[in-house]
Number of protein chains: 2
Amino acid sequence: MNRGLKFNRRWVLAGLTAALLGAPTAPTAVAQSDPLPSWNDGPVKQSITDFVTRVTKQGGTDFVPAEQRIATFDNDGTLWCEQPVYFQVAFAFDRVKAMAPQHPEWKTTQPFKAILDKDIKALAAAGDKGLLQIIAATHAGMTTDDFSKAVVDWTTTARHPRFNRPYTQLVYQPMLELLAYLRASGFKTFVVSGGGIEFMRPWMEKVYGIPPEQVVGSSGMVKFETDANGKPELMKLAKIEFVDDGPGKPVGINRFIGRRPILAFGNSDGDLQMLQWTVAGDGARFVGLVHHTDAQREYAYDRQSKVGKLDKALDEAAVRNWSVVDMKRDWKTVFPETK
Amino acid sequence: MNRGLKFNRRWVLAGLTAALLGAPTAPTAVAQSDPLPSWNDGPVKQSITDFVTRVTKQGGTDFVPAEQRIATFDNDGTLWCEQPVYFQVAFAFDRVKAMAPQHPEWKTTQPFKAILDKDIKALAAAGDKGLLQIIAATHAGMTTDDFSKAVVDWTTTARHPRFNRPYTQLVYQPMLELLAYLRASGFKTFVVSGGGIEFMRPWMEKVYGIPPEQVVGSSGMVKFETDANGKPELMKLAKIEFVDDGPGKPVGINRFIGRRPILAFGNSDGDLQMLQWTVAGDGARFVGLVHHTDAQREYAYDRQSKVGKLDKALDEAAVRNWSVVDMKRDWKTVFPETK
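From a predicted model like this one, the values you see are computed outputs, not experimental measurements. (Residues numbered from 1 in each chain as written. Chains lettered and ligands numbered in written order. Predicted model: local features only at pLDDT ≥ 70, side-chain atom pairs only at ≥ 80, totals over all residues. Heavy atoms only, no water.)

Draft legend 1. Seen up close, unusual backbone geometry. Residues and elements named next belong to chain A. With an omega dihedral of 0°, the bond running from Gln83 to Pro84 counts as a cis peptide bond. Mapped onto the secondary structure, Pro84 falls in the loop between strand E1 (70-73) and helix H4 (87-99). At Lys118, a residue that is not glycine, the phi angle is positive and equals roughly 50°. For Lys118, a relative accessible area of 68% translates into the label exposed. (Helix = DSSP H or I, 4+ residues; strand = E, 2+ residues; numbered from the N terminus. Buried < 20%, exposed > 50% of the residue type's maximum accessible area, 1.4 Å probe, protein only.)

Draft legend 2. Local environment of the interface of chain A and chain B. Tallying the contact residues gives 40 residues for chain A and 39 residues for chain B. For the pair chain A and chain B, the summed buried surface comes to about 3,300 Å²; carbon and sulfur atoms form 57% of the total. The largest share of the area that chain A buries against chain B comes from Glu213, Phe224 and Arg255 of chain A, three residues that together contribute 20% of it. Counting across the chain A and chain B interface gives 10 salt bridges. Of the charged contacts in the structure, one is a salt bridge between Glu213 of chain B and Lys188 of chain A, with a shortest N-O distance of 2.9 Å. Between the two partners, chain A and chain B, sit 22 residue pairs in polar contact (both at pLDDT 80 or more). If you list the elements that add at least two residues to the side of chain A that touches chain B, you get helix H1 (3-21), helix H7 (144-157), strand E2 (188-196), helix H9 (197-208), strand E3 (215-226), strand E4 (232-242), helix H10 (248-256) and helix H11 (272-279) of chain A. By residue number, the principal contributor to the side of chain A that touches chain B is H10 of chain A, which donates 5 residues. The residue inventory of the side of chain A that touches chain B, partitioned by class, reads 20 nonpolar, 6 polar and 14 charged. (Contact = heavy atoms within 4.5 Å. Buried area = accessible area lost by both parts, 1.4 Å probe. Salt bridge = Lys/Arg side-chain N within 4 Å of Asp/Glu carboxyl O. Polar contact = N/O pair within 3.5 Å; in protein donor to acceptor, adjacent residues only side chain to side chain. Nonpolar A, V, L, I, M, F, W, Y, C, P; charged D, E, K, R; others polar.)

Draft legend 3. Geometry of the nonpolar core. By size, the foremost hydrophobic cluster in this structure holds 154 residues, and its most contacted members are Phe265 of chain A together with Phe265 of chain B. Membership of the second largest hydrophobic core comes to 14 residues, among which are Ala100, Trp106, Leu123 and Ala137 of chain A. (Core = buried A, V, L, I, M, F, W, Y, C linked by side-chain atoms within 4.5 Å.)

Draft legend 4. Representation of the packing of aromatic side chains. Residue and element names in this part refer to chain A. Counting across every chain of the model gives 39 aromatic pairs over all chains. Ring centres of Trp154 and Phe199 lie 5.8 Å apart, and the angle between their planes is 55°; on these two criteria the pair is classed as tilted. Placement of the pair is Trp154 in helix H7 and Phe199 in helix H9, with a sequence separation of 45 residues. With a centroid separation of 5.1 Å and 70° between ring planes, the pair formed by Phe163 and Phe335 is classed as edge-to-face. Residue Phe163 is located in the loop between H7 and helix H8 (173-184), and its partner Phe335 is located in the segment after helix H13 (327-330); the two are separated by 172 residues in the primary sequence. One aromatic cluster is present, built from ring pairs that chain together Trp80, Phe87, Phe91, Phe147, Trp154, Tyr167, Phe199, Trp203 and Tyr208. Its end group placed over the ring of Phe242, Arg255 keeps NZ or CZ at 4.2 Å from the ring centre. (Phe/Tyr/Trp six-rings, centres within 6.5 Å; stacked < 30°, edge-to-face > 60°. Lys NZ or Arg CZ within 6 Å of the ring centre and 35° of its normal.)

Draft legend 5. Focus on the relation of the copies chain A and chain B. Expressed as a screw transformation, the operator carrying chain A onto chain B has a rotation angle of 180° and an axial translation of 0.0 Å, and the superposed copies differ by an RMSD of 0.0 Å. A rotation of that kind, with that shift, is consistent with a two-fold axis. (Least-squares fit on C-alpha atoms with pLDDT ≥ 70 in both.)

Draft legend 6. Just helix H11 (residues 272-279) of chain B, in detail. Counting buried positions over the 8 residues of H11 of chain B gives 7, a clear majority of the element. Residues of H11 of chain B that are buried: Leu272, Gln273, Met274, Leu275, Gln276, Trp277 and Thr278 of chain B.

Below you can see the structure in the form of structure tokens.
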């Protein structure tokens, strides 16, 4: 007997039935193969699939209607790598280099001089104030359309210093599978990141399958103007509007999504309030943390790290029995195979 | 020959094919019956169906991929009635009455006294400053969850003074059909309103089929806190964060949606920049205005109105040949039949 054919027919029939009834596409059929092939079997993988099975089981005590299946993911360190510096910082530095010919004064002005001279010491001395100056110079004074083009250009040309890959290929294969698995199970997947919203949206649809309207992030002010020809445009201003980090994450979720997630994933203390807000809702909830434990394949860091510090949230996860991904133990592969 | 049966079979087959191919559900089949039965035949209805046909025709010069079919709608005066006062103002007044027992000082303090005494003259004298005080008192100092409950309660109990119906039954039947038609044609429908985002989200999914995450509006600041029992909550503060009106609408669209709409509908000068922003994009675009011309079935107002003033946008629509709905001429029915 041809079992494969039988399986395929059941699969197709389940899909058709779901389509006709308007139900989310066939979670039962998905569960028959492994939806998370890059995850090693173990308690974390099990906790994910158990949760999804419970909330999607019609008539079960933990069933959640599809429209309420909101899943939120931090980006830096959760969906893609964040070392040795946040990738948006790398983008800003690359922008300074690209824009330098139009700014001869940068050759003699800090913190720009430090970037052009690759003077790490002077750059460190410029501190947070210097970083804000860099962000203002590279992320403002242009239209949203022009900024978006600059971001897309950068994703195709820039390479990560250690892995020598485009940054958008340093996304986590197991998390890509998790996003796809959740969507196939009727979830709506959102990014809720401290990163800039205009920096993330231009590439996330292609890379994560997450459309711009499901990307929540920090933002600068934007102003509606008309250009010299009377054409309307949106100009990016050098003024911070919203910081989507820490206690800002539940605020951002409320503002942009307007519903409490039932699943949330992060990797640092900046995600703690998002996880607290998520589990404080009624009914079944899942929260997880990615713990970077793999210096060989990626990086190992937590309580002492300047980037992606994971300290309080790690303690709270232990106390409250949240799922903590041990990257070394739980992930079969880290990055997608290069094409 | 049973034409009905044949039609039904084609319809079902088209749906199945679309489901299998992952295509948006069968716009061709929809076009065979009238997707806008409450619209009278004429140039406006024709301009809508022509546009939808063009952008959904695979291989056509104006074809737009489904993920880019973003449609934005103003709410007050475009999707539901806005007379004799914005419904959110009616809500705020009703809240003052409901909250008065906890605020004995309101009996002697303006503008609250004016509402409790139904003293229209004193209320008018309080002006915009008074209105802001009322909004602050009724829209802040409580959690987002509690506010949401108050809104839902109001939609079930309050009645419009002229039509004696719940306010959520004073939505425009032709626009409900338009929203459904667009969604059936692969569009994602958004509200982009000057109204409060937290006032709109609790009922729009049920009434318009538009989920909270697709509702863009004005907002007050919200703060993440933990209550006496350590439970996280979001507290509404008496501070305006964003006014989604006029030039704020393209800004709000950029912030929340991150893509330019290809279709936008409004009814007042507060929608003008949204329409300008929409038509300034490349490719096929549709913008429309609802012109309130029907004093008998609804209201007749435009250039001189305090609520929903339509003056500059009406001029620009004439010059640029935008579609203007003449409510009296173009709509067969205005409100849905009561159940």
